[in-house]
Amino acid sequence: AGTNTLTLTETGTTTLTAVNLANVTNWAIWVLASNAGYSLTLNTANAGTGALAITATAVTTPGNLSKIDAAAETDGGTIALTVATGALDTVAAILTGGSGSDTLKFSGGGITLDATELGSVTAWETWTLLSNAAYTLTLADANIAANATLTIDASALTSAAATVSAAAENSSGARLNYTGGGGA
């Protein structure tokens, strides 16, 4: 895949299904470049056995990032999705990782996300807090599958604090690992 970049610049709402994306291969990076509505359901060929980085930091309006679903990515490829935290405020976006070791990256910080807002965030092995800003995250039961581990990496928080509550997590054998920074 190399470093090929596919840029999607939309003005309205775009829905792309796994069928629509079936022949979109050999792109290492996808950029959702406008603050528009996006709903993407990936196909197993999108990352293949390699890696796919999706950057959605231009999507900042709550509700515009309604779905990024990589559940069909079953052949070991990894997905790294970077989202603007503001896009998740007050809405429950469907953000689903694939079968590989996938990372969800939160850019922006300075936000509180509750279990309702995070309730449809599933199948990500790592969450990375990218900005040195305050985060308050209340995990939902669906965030960590049974017998799975979620690692939250807050090492970028050199002076700001992060608060994470996993009180709602009831999945059998679920584990939470947390790495803090100087402020976290």
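Throughout what follows, the structure given in this document is the object of discussion. The structure presented is a predicted model; accordingly, all values stated were derived computationally and were not measured.

Overview of the overall build of the protein
When helices and strands are tallied, the protein shows 0 helices and 16 strands. For the protein, the C-alpha radius of gyration of 16 Å lies close to 16 Å, the compact-globule estimate for 184 residues. When the backbone C-alpha atoms are referred to their principal axes, the protein occupies close to 40 × 35 × 30 Å. Counting all 184 residues of the protein, 42% fall into the buried class.

Describing the pairing of strand β7 (residues 78-84)
The buried fraction of β7 amounts to 6 of the 7 residues, a majority that puts the element mostly inside the structure. Sheet analysis places strand β5 (residues 51-56) next to β7, joined by 6 bridges and oriented parallel. Bridge pairing in β7 links Ala56 to Val83.

So, unusual backbone geometry
For Asn26, which is not a glycine, the phi torsion comes out positive at approximately 65°. Looking at where Asn26 falls in the secondary structure, it is placed in the loop between β2 (13-16) and β3 (29-32). Located in the positive-phi region is Asn147, a residue other than glycine, with phi close to 60°.

Looking at the sheet that holds strand β15 (residues 162-165)
Across the sheet, 3 strands lie side by side as β10-β13-β15; this open sheet has parallel pairing. Of all the strands in the sheet, just β10 (111-113) and β15 have a single pairing partner and so form its edges. Each strand of the sheet is rotated relative to its neighbour by a mean of 0°, with strand direction disregarded. Bridge count between strand β13 (residues 135-138) and β15: 4 bridges; the pairing is parallel.

Considerations on the nonpolar core
Judged by nonpolar contacts, the single largest core of 44 residues is most densely connected at Leu32, Leu65, Leu95 and Trp127. Among all residues touching Trp127, those that are not within four sequence positions of it are Leu104, Phe106, Leu118, Val121, Leu137, Leu139, Asn143, Leu150, Thr151, Ile152 and Asp153.

Quick notes on the rules
Residues numbered from 1 in each chain as written. Predicted model: local features only at pLDDT ≥ 70, side-chain atom pairs only at ≥ 80, totals over all residues. Heavy atoms only, no water. Helix = DSSP H or I, 4+ residues; strand = E, 2+ residues; numbered from the N terminus. Rg over C-alpha atoms; globule rule 2.2 N^0.38 Å. Buried < 20%, exposed > 50% of the residue type's maximum accessible area, 1.4 Å probe, protein only. Pairing = 2+ DSSP bridges. Axes fitted to C-alpha atoms, helices over the stretch in contact; angles between N-to-C directions. Core = buried A, V, L, I, M, F, W, Y, C linked by side-chain atoms within 4.5 Å. Contact = heavy atoms within 4.5 Å.

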